[in-house]
Amino acid sequence: HSQVIRAPNFAQLSQLLDGTRRRSVLLTDPSLAGKTALVHAWVRARLARATPLVWATSGTQLIAGMSGLGQWEDRVRRVMEAVETLDAVLYFDNLGDLLSERAHGHADIPSALKPWISEGRVRVVGELRAELADGAERNHGPLLATLARLRVDALTPAASREALTLRARWDDAHDPDAPRVSPAGLDALVDLADRYLPYE
């Protein structure tokens, strides 16, 4: 449904990631606006054509269990070599975690990734909430400058209703036991989400 509702964003993401040139992308948006759904739609579309070879990870996963000198650097190098060799896509659903110095102590993962990305050797997709982008830019500007930016704005109430309607049609055809929202309930659902989700 994201592919239909977010057709311009979907086309941009596909253009950036599916070309012969290896590019990396930073998706920004307000929290819960739909950047993860957009990436999942792109993966599903890629699955229809070929094996997608998309690996999801995080800064924490990249260095888990690495305590000795040089261990985390070697792990990052081996992961990036595999991504390059297989022409896979490395996906970070929370780039804020990767950029957090508190989370990884002595490990400067952004600096370790930068050469691979800036030289166009790998494809990386990272999500970053818009409200964290300024701080990330100050602390990790060189890495973020290597990423193509794609802003995913929150859906309008009309587009949200359309997405829910499409989902209901899909459920009717593929998942008859899924819970249902009546057409009259869609407006209330969209209004409540619009009112309360920003405070989550």
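Structure shown above.
Residues numbered from 1 in each chain as written. Predicted model: local features only at pLDDT ≥ 70, side-chain atom pairs only at ≥ 80, totals over all residues. Heavy atoms only, no water.

## Focus on the pairing of strand E3 (residues 89-92)
What counts here: Here's how the labels work: a residue is buried when its accessible area is under 20% of the maximum for its type, exposed when over 50%, partly exposed in between, all with a 1.4 Å probe on protein chains only. Labels follow the DSSP assignment, with helices taken as runs of H or I lasting at least four residues and strands as runs of E lasting at least two, numbered in each case from the N terminus. Whether two strands pair comes down to DSSP finding at least two bridges between them.
The two faces of E3 match: Val89 and Tyr91 on one face and Leu90 and Phe92 on the other face are all buried. Pairing of strand E2 (residues 54-57) with E3 involves four bridges; the strand directions are parallel. Pairing of Val54 across the sheet is with Val89, part of E3. With four bridges connecting them, E3 and strand E4 (residues 123-129) associate as parallel partners. When the sheet's bridge partners are listed, Val89 is paired in E4 with Arg123.

## Regarding the nonpolar core
As a reminder, the rule being used: We call a set of buried Ala, Val, Leu, Ile, Met, Phe, Trp, Tyr and Cys residues a nonpolar core when their side-chain atoms join them within 4.5 Å. Contacts are assigned to residue pairs that have any heavy atoms within 4.5 Å of one another.
In this structure, Met80, Phe92, Leu95, Ile109 and Leu113 are the most contacted members of the largest nonpolar core, which totals 26 residues. Residue assignment for this core shows that the elements contributing at least two residues are helix H4 (59-63), helix H5 (71-86), E3, helix H6 (95-99), helix H8 (109-118), E4 and helix H9 (130-144). Examining the composition of this core, we find that five residues originate from one element, H5, more than from any other. Leaving out residues up to four positions away in the same chain, Leu95 has contacts with Leu26, Gly126, Glu127, Leu128, Leu144 and Leu147. Counting 18 residues, the second-largest nonpolar core is a separate cluster that includes Val25, Ala41, Trp42 and Tyr91.

## Concerning helix H2 (residues 7-18)
Going by this rule: An expected span of 1.5 Å times one less than the residue number is assigned to each helix. In this description, the arc belongs to the directions extending from the helix axis to the C-beta atoms.
In this model H2 runs 16 Å from its N-terminal to its C-terminal C-alpha over 12 residues, within 8% of the 16 Å that 1.5 Å per residue would give. For H2, the set of buried residues is Asn9, Phe10, Leu13, Ser14, Leu16 and Leu17. One side of H2 carries all its buried residues, which in axial view fall inside an arc of 165°. For H2, exposure combined with an orientation more than 90 degrees from the buried face picks out Pro8 and Gln15.

## Examining the packing of H8 against H9
For any two helices packed against each other, one specifies the crossing angle of their axes together with the interaxial distance. Selection criterion: Lines are fitted to the C-alpha atoms to define the axes, a helix being fitted only along its stretch in contact, and any angle between axes, read from their N-to-C directions, falls within 0 to 180 degrees. For classification, angles of less than 35 degrees are called roughly parallel, those exceeding 145 degrees roughly antiparallel, those between 65 and 115 degrees roughly perpendicular, and all remaining angles oblique. Classification used: nonpolar for Ala, Val, Leu, Ile, Met, Phe, Trp, Tyr, Cys and Pro, charged for Asp, Glu, Lys and Arg, polar for all others including Gly.
It is the contact of H8 with H9, at a shortest axis distance of 9 Å, that shows an interaxial angle of 30°. Taken together, the axes of H8 and H9 are roughly parallel relative to one another. Only His140, Pro142 and Leu143 of H9 make contact with H8, whose side of the interface consists of Pro110, Lys114 and Ile117. The residue makeup of the contact of H8 with H9, split by class, is four nonpolar, one polar and one charged.

## Here we look at H8
Inspection of H8 places Ile109, Pro110, Leu113, Trp116 and Ile117 among the buried residues, and these make up the whole buried set. Down the axis, H8 shows its buried residues gathered within 125° of arc, on one side only. Where H8 terminates, the next one or two residues include Gly120, which has phi positive at roughly 70°.

## Considering the packing of helix H10 (residues 157-174) against helix H11 (residues 183-196)
What counts is decided by this rule: Handedness of a helix crossing follows the sense of rotation of the near helix relative to the far helix, less than a right angle counterclockwise being left-handed and clockwise being right-handed.
Where H10 contacts H11, the two axes come as close as 10 Å, and the packing angle between them is 130°. Looking at the two axes, H10 sits oblique to H11. When the axes of H10 and H11 are compared, the crossing they make is right-handed. Of the residues in H11, those touching H10 at Pro157, Ser160, Arg161, Leu164 and Thr165 are Leu186, Asp187, Leu189 and Val190.

## Some points on the pattern of salt bridges
Filter applied, for reference: By definition here, a salt bridge exists when the distance from a side-chain nitrogen of Lys or Arg to a carboxyl oxygen of Asp or Glu is within 4 Å.
Here the structure, examined in full by the defined rule, presents 14 salt bridges. Taking the shortest distance from any N to any O, the salt bridge between Asp74 and Arg78 comes out at 3.0 Å. With Asp74 and Arg78 both in helix H5, this residue pair falls four residues apart, about one helical turn. A single salt-bridge network, built from bridges that share partners, covers Asp74, Arg77, Arg78 and Glu81.

## As for the sheet that holds E4
Pairing is parallel in the open sheet, where five strands are placed in the order E2-E3-E4-E1-E5. Each having just a single partner strand, E2 and strand E5 (148-151) make up the two edges of the open sheet. Going across the sheet, the axis of each strand differs from the next one's by a mean of 20°, ignoring polarity. Pairing of strand E1 (residues 25-29) with E5 involves four bridges; the strand directions are parallel. By the bridge assignment, Leu26 is partnered in E5 with Arg149. Across the sheet, H2 is in contact with E1, E4 and E5; its angle to E5 comes to roughly 160°. Strands in contact with H5 are E2, E3 and E4; relative to E2, the strand with the most contacts, it is inclined by about 160°.

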